[in-house]
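In case you want the letters, here they are:
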Protein chains: 2
Amino acid sequence: MTPRVEDAAAQRGRGRRPGGPDTRAAIVDAARSSFAANGYDKASLRGIARDAGVDPALVHHYFDGKAALFAETMAVPVNPSELIERVLEGDRERLGWRLVDTFLTVWEPPERREALVALVRSSMTSEDAARMVREFLGREVFGRIASSTGAADPQLSGSLAASQMIGLVIARYVVRVPGVATASRAELIERLGPVLQGYLVDEARRPE
Amino acid sequence: MTPRVEDAAAQRGRGRRPGGPDTRAAIVDAARSSFAANGYDKASLRGIARDAGVDPALVHHYFDGKAALFAETMAVPVNPSELIERVLEGDRERLGWRLVDTFLTVWEPPERREALVALVRSSMTSEDAARMVREFLGREVFGRIASSTGAADPQLSGSLAASQMIGLVIARYVVRVPGVATASRAELIERLGPVLQGYLVDEARRPE
C-alpha cells in the first residue's frame, strides 16, 4: 500500500512527516507506545498521529480504524473487524467452529504468536496489558460477536468465550499442558467449536 | 489435628525434630520450597522430610499423600483427592456442574485465591510454576477426572477442561474481564457446567 501523494504533500511545510513507508512504521511505533501507556480505550488516533508527527488523515489513510491499528502493533496483519465480519456472516449453526478456526489462524504463525503471547503474559502482571486484553479481546472481539448473535447476556457470553480462548492460548503456548499443547488444529476446532457455539449462539435461543 | 505422641517420641534421640505444630509447619515450609525448586513430580515426600529434619513417617502422619501436601502449600485446606472423589461419585449427568461448583469453592475464599492466583500468574513467566500447573492441575486434577469418566482421549479432554478453568481464573481474578469478573457463582456454574460436562463426560459417549 503506498500513500496517496496529495496526502503526503499536504503535510509538507507544516513541519510534519510526509507519507511513505517510514511514516507507516512511525505510526505503528507511536501506536504501540500509546496503547501500552493509555490502554485501548484511551489511546486516540489523533494522539497517535501527534506522537508520530503526522497529520491524523494519514493515520486514517493507512489504517482502517483503531482495531486495525492495534492488530498491526500486535503483528497481526489482518483487520480484526473484517475477521469478525467473516465469522458472523457464514452459517450461524457453525459459528463456534468458524471462530475457533479463525482464532487459530491468527495465533498459529510463530512470529505473530510471540507478540500475542507476550501480551497475554504481560496481562498477568501489568494492569496496562490487562486493560488491553479486557478492552480489545474481551470487548472488541468477543463482546462484539456476542452482541451480534443476540446472546441474552452478551457481556457474560462474550467474556466466557474470551476466557476459554485465553485459557487455550495459555495451556497450549505458555504452560504447555500435555494434550492441548500438542493437539492438531482440527482436533481443537472439533472440541472447542461446540463450546464457543454454546457460549455465543445457543445461549441466544434459550427462552428468557 | 494433633500429632500422635508415640510418633513424636519415636523421633527423639535421632537428632530429628519431634512432632508438634512446629513440625507440621516445618514440613509445609520444606514442601513449598521443594515443589517450587523441583516441580510436582520430582518433589519427594522423603526429600521434603529430610529438608524439614523430620522422619518421613511424620510427613505421612500429617498429610495424606503428595497431592494433599501440595494443596496445603497452596493454602487449600482440603485434600484434592477427596474433592475429586466427591465430584466423581455423584450423578454422572451432573458431573460438569459439580466440578465447577467444587472448583469455585476452592478458589473463591480471598485468602486462598491469593496463593492460587500467584501460582497461575507465575506459571506465565516461570518454568517451575508452569510445571506445577501442568503436573498438578493438568494431570493430577483434570487428567484424573478425565481418566475416571472414560473419556476417549483423557489427556486432551482433561487438558481442555483445565484450559477453561485456567482461563476462567485469569479472566475473573487477574485480567477482570467484565461479565465473567462479576458473574455470580450460580451463573458461572450454569454456564460452565455444560462445557465441563462436554469435555469430560459427553465425549466419552461418542461412538469411536
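For the structure given in this document, a descriptive report is provided here. Just so it is clear, the structure is predicted and the values come from calculations on it, not from any experiment.

Details of the overall build of chain A
Part 1 of the reasoning: For chain A, the count of helices and strands is 11 helices and zero strands.
Part 2 of the reasoning: Along chain A, from the amino end to the carboxyl end, the secondary structure elements read α-α-α-α-α-α-α-α-α-α-α.
Part 3 of the reasoning: Relative to its full complement of 208 residues, chain A shows a buried share of 55%.
Part 4 of the reasoning: Long-range pairs, those at least 24 residues apart, make up 67% of the contacts in chain A with a sequence separation of at least 6.
Part 5 of the reasoning: Total accessible area on chain A is roughly 9,000 Å²; 51% of this is exposed by carbon and sulfur atoms.

Here we look at unusual backbone geometry
Part 1 of the reasoning: A positive phi angle, near 55°, is found at R176(A), a position not held by glycine.
Part 2 of the reasoning: Along the chain, R176(A) turns up in the loop between helix 10 (154-174) and helix 11 (185-205).

Observations regarding the relation of the copies chain B and chain A
Mapping between the two copies of the chain is achieved by a rotation about an axis and a shift along the axis.
Part 1 of the reasoning: Take chain B, turn it by 180°, move it 0.0 Å along the axis, and it overlays chain A with an RMSD of 0.0 Å. Taken together, the rotation angle and the small translation identify this as a two-fold axis. If distances are taken from each C-alpha of chain B to the rotation axis, the shortest is found for G167(B), at 1.8 Å.
Part 2 of the reasoning: Take the interface residues of chain B: 100% of them recur as interface residues in chain A, which is what a same-surface contact looks like.

Comments concerning the interface of chain B and chain A
Part 1 of the reasoning: With 39 residues of chain B at the contact, the number on the chain A side is 39 residues.
Part 2 of the reasoning: In this assembly, chain B packs against chain A so that about 3,300 Å² is buried in total across both faces, 64% of it on carbon and sulfur atoms.
Part 3 of the reasoning: Looking only at chain B, the three residues that lose the most surface to chain A are M124(B), V175(B) and R191(B), adding up to 22% of its buried area.
Part 4 of the reasoning: Joining chain B to chain A, the criterion identifies 14 residue pairs in polar contact (both at pLDDT 80 or more).
Part 5 of the reasoning: Secondary structure elements with two or more residues in the side of chain B that touches chain A: helix 9 (127-148), helix 10 (154-174) and helix 11 (185-205) of chain B.
Part 6 of the reasoning: When residues of the side of chain B that touches chain A are assigned to their parent elements, the largest contribution, 13 residues, is made by helix 10 of chain B.
Part 7 of the reasoning: A per-class count over the side of chain B that touches chain A returns 19 nonpolar, 11 polar and nine charged.

Some details on the pattern of salt bridges
Part 1 of the reasoning: Per the counting criterion, the structure on display carries 18 salt bridges over all chains.
Part 2 of the reasoning: One salt bridge connects E127(B) with R134(B), and the closest N-O pair in it is separated by 2.6 Å.
Part 3 of the reasoning: Residue classification places E127(B) among the partly exposed positions, given a relative accessible area of 46%.
Part 4 of the reasoning: A salt bridge links D128(B) to R131(B), with the nearest nitrogen and oxygen atoms 3.1 Å apart. Residue D128(B) and its partner R131(B) are both found in helix 9; the two are separated by three residues, about one turn of the helix.
Part 5 of the reasoning: A residue is classified by how much of its surface remains accessible, and D128(B), at 33% relative accessible area, is partly exposed.
Part 6 of the reasoning: What emerges from the salt-bridge pattern is a single network uniting D41(A), R139(A) and E140(A).

Quick notes on the packing of aromatic side chains
Residues and elements named next belong to chain A.
Part 1 of the reasoning: Counted by the stated rule, this structure contains 16 aromatic pairs over all chains.
Part 2 of the reasoning: Note on F103 and F142: the rings are 6.2 Å apart at their centroids and 45° apart in plane angle, and the pair reads as tilted. On the criterion of sequence distance, the pair formed by F103 in helix 7 (residues 95-107) and F142 in helix 9 (residues 127-148) is long-range, its members being 39 residues apart.
Part 3 of the reasoning: Under the relative-accessibility criterion, F142 is labelled buried at 0%.

What to know about the side chain of T149(B)
Part 1 of the reasoning: Its location among the elements puts T149(B) in the loop between helix 9 and helix 10.
Part 2 of the reasoning: A distance of 3.0 Å separates a polar side-chain atom of T149(B) from the backbone oxygen of A146(B).

Side note on helix 5 (residues 66-73) of chain B
Residues and elements named next belong to chain B.
Part 1 of the reasoning: Counting buried positions over the eight residues of helix 5 gives six, a clear majority of the element.
Part 2 of the reasoning: Listing the buried residues of helix 5 in full gives A67, A68, L69, F70, A71 and T73.
Part 3 of the reasoning: One or two residues past the end of helix 5 sits A75, with phi positive at roughly 65°.

Points about the environment of S147(A)
Part 1 of the reasoning: With respect to the secondary-structure elements, S147(A) resides in helix 9.
Part 2 of the reasoning: Between the C-alpha atoms of S147(A) and F136(A), which are 11 residues apart in sequence, the distance is 15 Å.

Some words on helix 3 (residues 45-52) of chain B
All names here are of chain B.
Part 1 of the reasoning: Residues L45, G47, I48, A49 and A52 constitute the buried set of helix 3.
Part 2 of the reasoning: Buried residues in helix 3 make contact with helix 2 (21-42), helix 4 (56-62) and helix 5.
Part 3 of the reasoning: In the segment just after helix 3, G53 is the residue with positive phi, at about 70°.

Procedures and definitions
- Residues numbered from 1 in each chain as written.
- Chains lettered and ligands numbered in written order.
- Predicted model: local features only at pLDDT ≥ 70, side-chain atom pairs only at ≥ 80, totals over all residues.
- Heavy atoms only, no water.
- Helix = DSSP H or I, 4+ residues; strand = E, 2+ residues; numbered from the N terminus.
- Buried < 20%, exposed > 50% of the residue type's maximum accessible area, 1.4 Å probe, protein only.
- Contact = heavy atoms within 4.5 Å.
- Areas by Shrake-Rupley, 256 points an atom, 1.4 Å probe, with all protein chains shown as cover.
- Least-squares fit on C-alpha atoms with pLDDT ≥ 70 in both.
- Buried area = accessible area lost by both parts, 1.4 Å probe.
- Polar contact = N/O pair within 3.5 Å; in protein donor to acceptor, adjacent residues only side chain to side chain.
- Nonpolar A, V, L, I, M, F, W, Y, C, P; charged D, E, K, R; others polar.
- Salt bridge = Lys/Arg side-chain N within 4 Å of Asp/Glu carboxyl O.
- Phe/Tyr/Trp six-rings, centres within 6.5 Å; stacked < 30°, edge-to-face > 60°.

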